[in-house]
Amino acid sequence: MRILRLFLLLVVGGLTACSGGPDINVFPVSQDVELGRQAMAEILQDPAAFPVLDPDTHREAYAYVQGMVDEIVDLGGVPHADVFPYRVYLIDRPVNNAFAAPGGYLFVFTGLIRSLTGPDQLAGVLAHEIAHAAERHSTQQATKRFGLAALQRLLTGGDNSGILAQLANQLINLGFSRADEAEADARSVDYLCATPYATNGAAGFFEQVERRGQVTEFLSTHPNPQNRIQKINARAADLDCAAKREDPAAFQRFVGQL
Ligand SMILES: [Zn+2]
């Protein structure tokens, strides 16, 4: 479970101090996919903690949510779409959260989906998580944390088959920075602009969470919603985006299939 621990700490860990500076990443893009694939494999092997809904028995539900991801990736011009699979998995637990593994492996808890009031909020959450993967925040954080020299040695030292295990031992307390969160919010607006979904869908999700007054898992990893709502709405207002069409009936059918 070391890789899984690494992955969970990477994607849902607490905030770490953000040193700022340029976004440097010593990992090749292919390494993001490899990390994500390993994380996904470990998740699928632990159905007690992560009861992933079977795509074969929930075809319509997966067609809906994967279709939404595909629309966002295609219409949003999301980077690395030629390399990252951008595949979404549904985890059947009453947890109000979602997370992204490197390489575009996305995970959404059914508890989050059931808390949403419409498709635009789901699109906002998905676009935000897609952005963490597309901007390669996990491997950027690893680069910042361990330093360029050490990681380059690790990556170029011949046999690097053990690199994931070595990193797993060290990547403790590594999470997304506030800058990563702000960037994922901003990209969510950019990606959604050309889609049928509300450009400020992520703000809609945060508003809904605030209205309920819930202290949710999502807020613990995505703090300061009020400030983020304003920034998302301002960015969406600045863009001249395509006309939107909500299909609440299709969304409700999807929720009913979970
Ligand atoms: Zn985030």
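The name given to the chain in an unreviewed UniProt entry is Peptidase M48, with the source organism recorded as Neolewinella litorea.

## Points about the state of the cysteines
Considering all chains together, one arrives at one disulfide under this definition. What pairs with C193 in a disulfide is C241, and their sulfur atoms sit 2.1 Å apart. Negative torsions about the S-S bond denote left-handed disulfides, and the value of about -115° found for C193 with C241 makes this one left-handed. Pair noted here: C193 is in the loop between helix 9 (178-192) and helix 10 (201-212) and C241 is in the loop between helix 12 (225-238) and helix 13 (248-256), with a separation of 48 residues, a long-range link. Overall, C193 belongs to the buried group, its relative accessible area being 15%.

## Some details on the pattern of salt bridges
Tallying each qualifying case throughout the model produces eight salt bridges. Across the salt bridge formed by D32 and R136, the nearest N and O atoms sit 2.9 Å from each other. Of this pair, D32 sits in helix 2 (residues 29-44) while R136 sits in the loop between helix 5 (119-134) and helix 6 (137-146), placing them 104 residues apart in sequence. Assigned by exposure class, D32 and R136 land together as buried. We note a salt bridge from R228 to D185, for which the minimum N-O separation is 2.6 Å. With R228 in helix 12 and D185 in helix 9, this residue pair connects regions lying 43 residues apart in the sequence. One network of salt bridges, in which partners are shared, links E183, R187, D190 and R235.

## Notes on the packing of helix 5 against helix 9
Relative orientation of the contacting elements helix 5 and helix 9 amounts to 120°, with a least axis distance of 8 Å. Taken together, the axes of helix 5 and helix 9 lie oblique to each other. In this structure, helix 5 meets helix 9 at a crossing whose hand is right-handed. Counting all contacts with helix 5, which are made through A123, G124, A127, H128, I130, A131, H132 and A134, the residues of helix 9 involved are D180, E181, A184, D185, R187, S188, Y191 and L192. For the contact of helix 5 with helix 9, the class distribution of residues is eight nonpolar, four polar and four charged.

## What about the packing of aromatic side chains?
Two numbers describe a pair of aromatic rings. These are the distance of the centres and the angle of the planes. This model, assessed by the stated rule, comprises seven aromatic pairs. Taking 4.7 Å as the distance between ring centres and 25° as the angle between the ring planes, the aromatic pair formed by Y64 and F254 counts as stacked. Here F254 lies in helix 13 and Y64 lies in helix 3 (residues 59-75), a separation of 190 residues in the sequence. The same class applies to Y64 as to F254, namely buried.

Conventions and cut-offs
Residues numbered from 1 in each chain as written. Predicted model: local features only at pLDDT ≥ 70, side-chain atom pairs only at ≥ 80, totals over all residues. Heavy atoms only, no water. Disulfide = S-S within 2.5 Å. Helix = DSSP H or I, 4+ residues; strand = E, 2+ residues; numbered from the N terminus. Buried < 20%, exposed > 50% of the residue type's maximum accessible area, 1.4 Å probe, protein only. Salt bridge = Lys/Arg side-chain N within 4 Å of Asp/Glu carboxyl O. Axes fitted to C-alpha atoms, helices over the stretch in contact; angles between N-to-C directions. Parallel < 35°, antiparallel > 145°, perpendicular 65-115°, else oblique. Left-handed = near helix turned anticlockwise from the far one by under 90°. Contact = heavy atoms within 4.5 Å. Nonpolar A, V, L, I, M, F, W, Y, C, P; charged D, E, K, R; others polar. Phe/Tyr/Trp six-rings, centres within 6.5 Å; stacked < 30°, edge-to-face > 60°.

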